[in-house]
Amino acid sequence: MIRLFLMAFLFAAALPAQAQFNFNINKLLDSAKSLRSATREIDQREEIAIGDDLAARLLGAAPLASDARLQRYVNHVGRWLASQTGRAELPWRFGVLEAPQLNAFAVPGGTIFITRGLLERMKSEAELAGVLAHEIVHVLQKHHLKAIQKGAKTSLAGDALGYALKDARSEARDKLLSLGTELYSRGLDKSDEFEADRLGVAIAARAGYDSYGLPAVLQTLQAMNAQDSGVALMFKTHPAPGERLNALGERMQPTLDAYAGQPQLVERFAAEAKSR
Ligand SMILES: [Zn+2]
């Protein structure tokens, strides 16, 4: 797994031209940046270590796809997006899981997974960028980390969080990781998801993509039956797609409109990401 992740290639000339982003987007992202200091008790090194442990546990549920070209491509797109953010220095890595369900999730410290099932339903690189940018925001804003920290405060005794951070082999660490994995079947607060949608749209637009990538994926999800086992977990852990689309429209319509004409990269996506 690490080998796949380590294949860091810089985006070549085929990149979409960097957006001529306007003041609005920068303001949005800067206000997000100022929230970075909100979680003081877990430093970045610990955040990355917890993320690595969590990622290893979550990978037990579905293996990484063995298609190296696909993994490289998704890493290209993801790292390009992450390079536009206030936490570009994190060890960002992106993995495609060999699973038919439609899902994507972020792990503290910069690890992001997306399922083959979700990729298969996408039509362009702009859609992929929209979803990856949403997940990147969860890392930037430490949504999972803060939820785990909050859970630890209420369900771990005394200074168990301190022990869990200090000793990777302690019982407290094991409990902390259990709290973490549980979060991925329960989901984050709705407000975190809406924030990830809003800032995700801004990051994808800043990176040069058609801003309607994420909304297009939400429309695909909206058209699916909530009883479909392929979307059951996604629907359980996220607000309904229609609700997310409405929330995006309310707060982000000017940004969506301003960057709607940027590249979608339909053909490159088909060549790189579709089953061979
Ligand atoms: Zn999310």
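Here goes a summary of the coordinates provided. Computed from a prediction, not measured in an experiment: that's the story for all the values here.

Analysis parameters
- Residues numbered from 1 in each chain as written.
- Predicted model: local features only at pLDDT ≥ 70, side-chain atom pairs only at ≥ 80, totals over all residues.
- Heavy atoms only, no water.
- Helix = DSSP H or I, 4+ residues; strand = E, 2+ residues; numbered from the N terminus.
- Buried < 20%, exposed > 50% of the residue type's maximum accessible area, 1.4 Å probe, protein only.
- Areas by Shrake-Rupley, 256 points an atom, 1.4 Å probe, with all protein chains shown as cover.
- Phe/Tyr/Trp six-rings, centres within 6.5 Å; stacked < 30°, edge-to-face > 60°.
- Contact = heavy atoms within 4.5 Å.
- Core = buried A, V, L, I, M, F, W, Y, C linked by side-chain atoms within 4.5 Å.
- Axes fitted to C-alpha atoms, helices over the stretch in contact; angles between N-to-C directions.
- Parallel < 35°, antiparallel > 145°, perpendicular 65-115°, else oblique.
- Left-handed = near helix turned anticlockwise from the far one by under 90°.
- Nonpolar A, V, L, I, M, F, W, Y, C, P; charged D, E, K, R; others polar.
- Pairing = 2+ DSSP bridges.
- Salt bridge = Lys/Arg side-chain N within 4 Å of Asp/Glu carboxyl O.

**Points about the overall build of the protein chain**
Thought 1: From N to C terminus, the protein chain includes 14 helices and 3 strands.
Thought 2: Going through the 276 residues of the protein chain one by one, you find that 55% of them count as buried.
Thought 3: Put simply, the protein chain shows about 12400 Å² of open surface, and 54% of that area lies on carbon and sulfur atoms.

**As for unusual backbone geometry**
Thought 1: Here Lys 142, not a glycine, exhibits a phi torsion of approximately 55°, which is positive.
Thought 2: Mapped onto the secondary structure, Lys 142 falls in the loop between helix H6 (125-140) and helix H7 (143-155).
Thought 3: Non-glycine residue Leu 265 carries a positive phi angle of around 55°.
Thought 4: Tracing the backbone shows Leu 265 in the loop between helix H13 (241-258) and helix H14 (266-273).
Thought 5: Overall, Leu 265 belongs to the partly exposed group, its relative accessible area being 23%.

**Examining the packing of aromatic side chains**
Thought 1: Under the criterion given, the structure shown has 4 aromatic pairs.
Thought 2: Grouping aromatic residues by their ring pairs yields a cluster made of Phe 105, Phe 113 and Tyr 184.

**A few points about the side chain of Arg 173**
Thought 1: Inspection of the secondary structure assignment puts Arg 173 in helix H9 (residues 171-186).
Thought 2: Look at Arg 173 and you get buried, because its relative accessible area is 4%.
Thought 3: Leave out the neighbours within four places in its chain, and Arg 173 touches Ala 49, Ile 50, Asp 53, Ala 164, Leu 165, Asp 167 and Ala 168.

**Focus: helix H11 (residues 213-222)**
Thought 1: Where burial is concerned, most of H11 is hidden: 8 out of the 10 residues are buried.
Thought 2: Where the residues of H11 are buried, they touch helix H5 (116-121), H6, helix H10 (190-206), helix H12 (232-237) and H13.

**Some words on the nonpolar core**
Thought 1: Of all hydrophobic cores here, the largest spans 51 residues; its most connected members are Val 74, Leu 81, Ile 114 and Leu 128.
Thought 2: In terms of residue count, the dominant contributor to this core is H6 (10 residues).
Thought 3: Ignoring any residue separated from it by four or fewer positions in sequence, one finds Ile 114 in contact with Val 74, Gly 95, Val 96, Leu 97, Asn 103, Ala 104, Leu 119, Met 122, Leu 128 and Val 131.
Thought 4: With 28 residues, the next largest nonpolar core counts Ile 42, Ala 55, Leu 64 and Leu 161 among its residues.

**Concerning the packing of H7 against H9**
Thought 1: The geometry of H7 relative to H9 is characterised by a closest axis approach of 9 Å and an angle of 125° between their N-to-C directions. With respect to H9, the element H7 is oriented oblique. H9 is crossed by H7, and the crossing has right-handed handedness. Contacts between H7 and H9 involve His 144, Ala 147, Ile 148, Gly 151, Ala 152 and Ser 155 from the former and Leu 176, Leu 179, Gly 180, Leu 183 and Tyr 184 from the latter.
Thought 2: Of the residues contributing to the contact of H7 with H9, the split by class is 7 nonpolar, 4 polar and no charged.

**Points about the sheet that holds strand S1 (residues 93-97)**
Two pairing modes exist for strands in a sheet, parallel and antiparallel, and in both the strands are linked by backbone hydrogen bonds.
Thought 1: Pairing within the open sheet is mixed, and its 3 strands lie in the order S1-S3-S2. In this open sheet, the two strands that pair with only one neighbour each are S1 and strand S2 (104-107). Averaged over all pairs of adjacent strands, the angle between strand axes in this sheet comes to 20°, irrespective of strand direction.
Thought 2: Summarising the sheet, S2 and strand S3 (residues 111-115) pair through 4 bridges and their orientation is antiparallel. Across the sheet, residue Ala 104 finds its bridge partner in S3, namely Ile 114.
Thought 3: Against the sheet, helix H4 (residues 68-82) touches S1 and S3, its axis set at about 140° to S1.

**Points about the pattern of salt bridges**
Thought 1: Summed over the entire model, instances satisfying the criterion amount to 12 salt bridges.
Thought 2: Between Asp 174 and Arg 57 there is a salt bridge whose closest N-O contact spans 2.4 Å. Taken as a pair, Asp 174 in helix H9 and Arg 57 in helix H3 (residues 44-59) lie far apart in primary sequence, 117 residues in all.
Thought 3: Owing to a relative accessible area of 34%, Arg 57 belongs among the partly exposed residues under this scheme.
Thought 4: The closest approach of N and O atoms between Arg 116 and Glu 98, which form a salt bridge, is 2.9 Å. A residue pair is termed long-range when its members are at least 10 positions apart, and Arg 116 in helix H5 and Glu 98 in the loop between S1 and S2 qualify at 18 residues.
Thought 5: For Arg 116, a relative accessible area of 14% puts it in the buried group.

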